[in-house]
Every structure is written in structure tokens, then in C-alpha cells.
Amino acid sequence: MSAHTSASALSVADSPVAAPVADGRINLVGLSRAELEAEMLAIGLEKFRARQLWHWIYHRGATDFSVMTTLAKPVRERLAERYAVVRPTVVRDLQSRDGTRKWLLRMPDGQEVESVHIPETDRGTLCVSSQVGCTLTCRFCYTGTQRLVRDLTAAEILGQVMLARDMLDEWPAPPDGRMISNIVMMGMGEPLFNYEEVAKAIKIIMDGDGIAISKRRITLSTSGVVPMMKRCGEELNVNLAISLHAVTDELRDIIMPINRKYPLAVLLEACRTYPGLNNARRITFEYVMLKGLNDSPADARALVRMLEGIPAKINLIPFNPWPGAPYERSTDRAIQVFGDIVNNAGYASPVRTPRGEDIMAACGQLKSDSVRLSAADRAAMERIMAEKDAALG
Ligand code: SAH
Ligand code: SF4
């Protein structure tokens, strides 16, 4: 695909850094503390071994039992016979001119997903995928043109974070100034359609004895899977981002077919009652700027009106184009006028700067199987979208 061979994109590595085991050993990554304890007891080891392992796996980033020197050698050997600490395999490693880095990762069954690291001056954000593809078909989203292949497991979601730490050489992570200080569930897939695995992974990411990224620094983005929102707030209490993108049901039905199931009034009510909201803790409303479609001053005013009474932030995302996309990015002028209206209503710095566009790493550009869009590919893409829409009802 052109994005992967573009002259501006630097290909850092093409070979695997860690091959997953295919020898029947159990992967310890993704087990909860209780599950890890149960494993230890099951092989006749003491329960506290789980705590030691947790430290090595999630604080030190160890992938090899032989380095776990707080465990006696026979114990290490015993563990290595039965268990492994698995990472996804890096298939492609691309670096953008602006420092953004995208990894195409292969899972043990050959499925591929992408994660993206976005460095900023005061922090670094890792954008993590929750599914291979997506069941939804938001018209502006490249992932939406891909079939849902499967949900990712908690191990595979966590594996993305751990692999990124390997690549950025951040084990153990310092308390401040981390390269990966924030996590956004904004990669491929709809996290609330894979809630159990996502929740399990996030709980491990938040654990203070391991990866230790606080819930304040984790954001889950949803297209609006209303029935799962309350549980997400109660159990995980992470920041919530809503992909809103339209101020009328008429338009949202078209660009985000999930709106036919959970229309705006229902979605906004679920936002209003999201647990733990206050002025210091707001919902982020994402709004992709599509030329001539949702970017008028009247839309901006309607957006502001619509969010009245909800502790909210607004994030305007200039549309990131992809091959064959049916829309265009709003003009700079339209974005500025829209942004000023939102800003004057009291929402600070609402426009998000696109990052990693030269390596197709920007919002909504992730898609694992590389395609050059021929007429046949386009027909295939439309067929997949029609099938998925029909399944949504
Ligand atoms: N499925 C989840 C999370 C992944 S998408 C969701 O839809 O919220 C992360 C964000 O990128 C969402 O707000 C999504 O609507 C937005 N997005 C998708 N395609 C885009 C594109 N081409 N340009 C800009 N933003 C896009
Ligand atoms: Fe799926 Fe989110 Fe893309 Fe919609 S915007 S198709 S929900 S990944």
C-alpha cells in the first residue's frame, strides 16, 4: 500500500522482535491476579509467586523467566516449562515525519491490528485497538470498510501496550515524563462491543504494581453503544469519549449507522447519567469535520446547544482521508469558524491536530489488510459495508 512505502515514511524494522510461542505453553499475559494465583496453586507453587511474577511481567517487562532472579532457579525452570510471556509480533514499524509511530502487529493466529504512538512535549499517547476490523460501518472510517474478523483477547490488548514499551525501551517506566503516559482505546474496533476483554486489559493496565497508568489517563472511545456505557463508567471509571460527528439523527443515521439503533436523544441521556461526571471530569465529544456535511456555523451552534448541561469537552477532528473515502476534509476556514463558535461557548482548544498522516496512522485511518483500491476492491468494500449494515438491522 502506498502509505507503507511512501518516501517520507521511515521503515524502522521489518523483522519480528518477539515470536509468540506455538508450543502449547500458557500465556501468562492477560490473566487477572486471581487467575495467576490459581495457576500457581494448580502447579503446587505458593500463592505469593503470583505477586512476584506480576512485578516481573508488568513492572519490569520481563519476557523470559530466566531473568526473574527473585525466584529460585528450579522455580523459574518449572514456570518456563509450562508458561510463556507472549508479545504480538511486529510486522511493520513505521515512523512519521512528526514522530508518530505505527506498528502493524500480528497475533499468534495470523490476524493483524495496528497501534499508534503519538509523542507530545509533555506526554505520549498510545492508541490501542480492541478488535480486528469492526462490525460497524461509519462512512468516514477506514476500519469500517474492513470485515470484523474477531475480538481481541485481553492478552492481545495488553500486548499492544507491552510491545510499545519494549519498542520505546520503557521498562520499568519512570513515575514522571513517560513516553507512554496515556492510553486511548481509539484504534481499530468498537471497544464496547468487546467489553469483557477490554475491561480485563484496562484493569491490568491500571494496576499500581505493574503498568500503573491511572484511570485519569485512559480514555475509551465509543461510537455510542448505549447499553454498555453505564457499566463501563461504574466498573472502570475511565474517561469516556463519544464519537458524535453529527447534530441531527438524519445525518448521523447515514454516517454512523449505529445511530439507527441508539439515536441522539438516547445517546445524550446515557451521557448525562454517565457515572462520576463533574466539571473536573468531562465526557469528550469527538466531531469529525466533513466538508459541506456537518461543518456549518449552524451545526456548530446546534452542537453547543445540544451539549448544554453535560460536563463536556469538544474535540474537532479534521477528517483524515483514505483511499476511496466518500468525503473530504472541511476547509481550514470552515474549521476555524466552527472552532471559534465552540470556543466562544467556553470549550478550550477544540481542534485536534492530525498526527501521523504520512504513514496512515491518523484517526480512522487504521486498517490491517493493505489494499490498493482498484474498481474490484471498491466493489468488494461496498459489498462488505452493505452486509454489515444489513446485520445491524
Ligand atoms: N470505535 C470507536 C473507537 C475508534 S475510532 C469509536 O468509533 O469511537 C477513534 C476516533 O476516530 C472516533 O471518534 C472516530 O469516529 C474517528 N474517526 C474515524 N475515522 C476518521 C477519519 N477518517 N478522520 C478523522 N477521524 C476519524
Ligand atoms: Fe468502527 Fe469506530 Fe470506525 Fe465506526 S468509527 S467503523 S465504530 S472503528
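Residues numbered from 1 in each chain as written. Chains lettered and ligands numbered in written order. Predicted model: local features only at pLDDT ≥ 70, side-chain atom pairs only at ≥ 80, totals over all residues. Heavy atoms only, no water.

A. Examining the site of ligand 1 more closely. If you check the shell around ligand 1, you find 20 residues, and the closest are F140, G189, S221, S243 and H245. One nitrogen or oxygen atom from the main chain of F140 is found 2.8 Å from a nitrogen atom belonging to ligand 1. Contacts to ligand 1 include N320, whose backbone N or O atom sits 2.9 Å from a nitrogen atom. Calculation on ligand 1 without its partners gives an accessible area of 540 Å², and the protein chains cover 96% of this total. (Near = heavy atom within 4 Å. Polar contact = N/O pair within 3.5 Å; in protein donor to acceptor, adjacent residues only side chain to side chain. Areas by Shrake-Rupley, 256 points an atom, 1.4 Å probe, with all protein chains shown as cover.)

B. View of the site of ligand 2. Taken together, C134, L136, C138, C141, G144, G189 and S223 make up all the residues around ligand 2. Residue classes in the shell around ligand 2 are distributed as 4 nonpolar, 3 polar and no charged. (Nonpolar A, V, L, I, M, F, W, Y, C, P; charged D, E, K, R; others polar.)

C. Summary view of the pairing of strand β14 (residues 312-318). Within β14, 6 of the 7 residues are buried, which leaves the element mostly enclosed by the surrounding structure. Taken together, the 7 bridges between strand β13 (residues 283-289) and β14 define a ladder with parallel strand orientation. The partner of E286 across the bridge, within β14, is N315. For the crossover from β13 across helix α10 (residues 297-306) to β14, the handedness is right-handed. (Buried < 20%, exposed > 50% of the residue type's maximum accessible area, 1.4 Å probe, protein only. Helix = DSSP H or I, 4+ residues; strand = E, 2+ residues; numbered from the N terminus. Pairing = 2+ DSSP bridges. Right-handed = clockwise from strand over helix to strand, strands pointing away.)

D. Inspection of helix α4 (residues 73-82) at higher detail. Inspection of α4 places V75, R76 and L79 among the buried residues, and these make up the whole buried set. Take α4 and look down its axis: the buried residues cluster within an arc of 100 degrees, on one side only. For α4, exposure combined with an orientation more than 90 degrees from the buried face picks out K73, P74 and E81. Buried residues in α4 make contact with α2 (33-42), α3 (48-59) and β3 (83-84). (Arc of directions from axis to C-beta. Contact = heavy atoms within 4.5 Å.)

E. Highlighting the packing of aromatic side chains. For the structure on display, the rule yields 3 aromatic pairs. The residue whose ring lies beneath R33 is W54, and the NZ or CZ to ring-centre distance is 4.5 Å. A cation over an aromatic ring shows up here: R165 above the ring of W171, its NZ or CZ 5.1 Å from the ring centre. (Phe/Tyr/Trp six-rings, centres within 6.5 Å; stacked < 30°, edge-to-face > 60°. Lys NZ or Arg CZ within 6 Å of the ring centre and 35° of its normal.)

F. Representation of the domain arrangement of the protein within the structure. We note that the domain assignment places domain 1 (22-84) and domain 2 (89-391) within the protein. Look at where the C-alpha atoms of domain 1 and domain 2 centre, and you get two points 34 Å apart. The partner domain 2 presents 13 residues to the 14 residues of domain 1 that form the contact. In total, about 1100 Å² of surface goes out of reach between domain 1 and domain 2, with carbon and sulfur atoms giving 60% of it. Taken together, the connections running from domain 1 to domain 2 amount to 3 salt bridges. For the salt bridge of E35 with K200, the shortest nitrogen-to-oxygen distance reads 2.9 Å. Linking domain 1 with domain 2 are 6 residue pairs in polar contact (both at pLDDT 80 or more), by the criterion used here. (Domains from an automatic or database assignment. Buried area = accessible area lost by both parts, 1.4 Å probe. Salt bridge = Lys/Arg side-chain N within 4 Å of Asp/Glu carboxyl O.)

G. Expanded view of unusual backbone geometry. Going from W171 to P172, the amide bond is cis rather than trans, its omega being -20 degrees. Relative to the assigned elements, P172 resides in the loop between α5 (154-167) and β10 (182-185). The residue S349 is not glycine, and still its phi comes out positive at about 25 degrees. Relative to the helices and strands, S349 is located in the loop between α11 (332-344) and α12 (375-392). Even without being glycine, M360 reaches a positive phi, approximately 50 degrees. Mapped onto the secondary structure, M360 falls in the loop between α11 and α12. Note on M360: relative accessible area 8%, which makes it buried.

H. Just the side chain of N182, in detail. Along the chain, N182 falls in strand β10. Take N182: its relative accessible area is 9%, and that puts it in the buried class. Of the polar contacts made by the side chain of N182, one reaches the side chain of S181; its length is 2.7 Å. In contact with N182, other than residues within four places in its own chain, are R123, G124, T125, L126 and R217.

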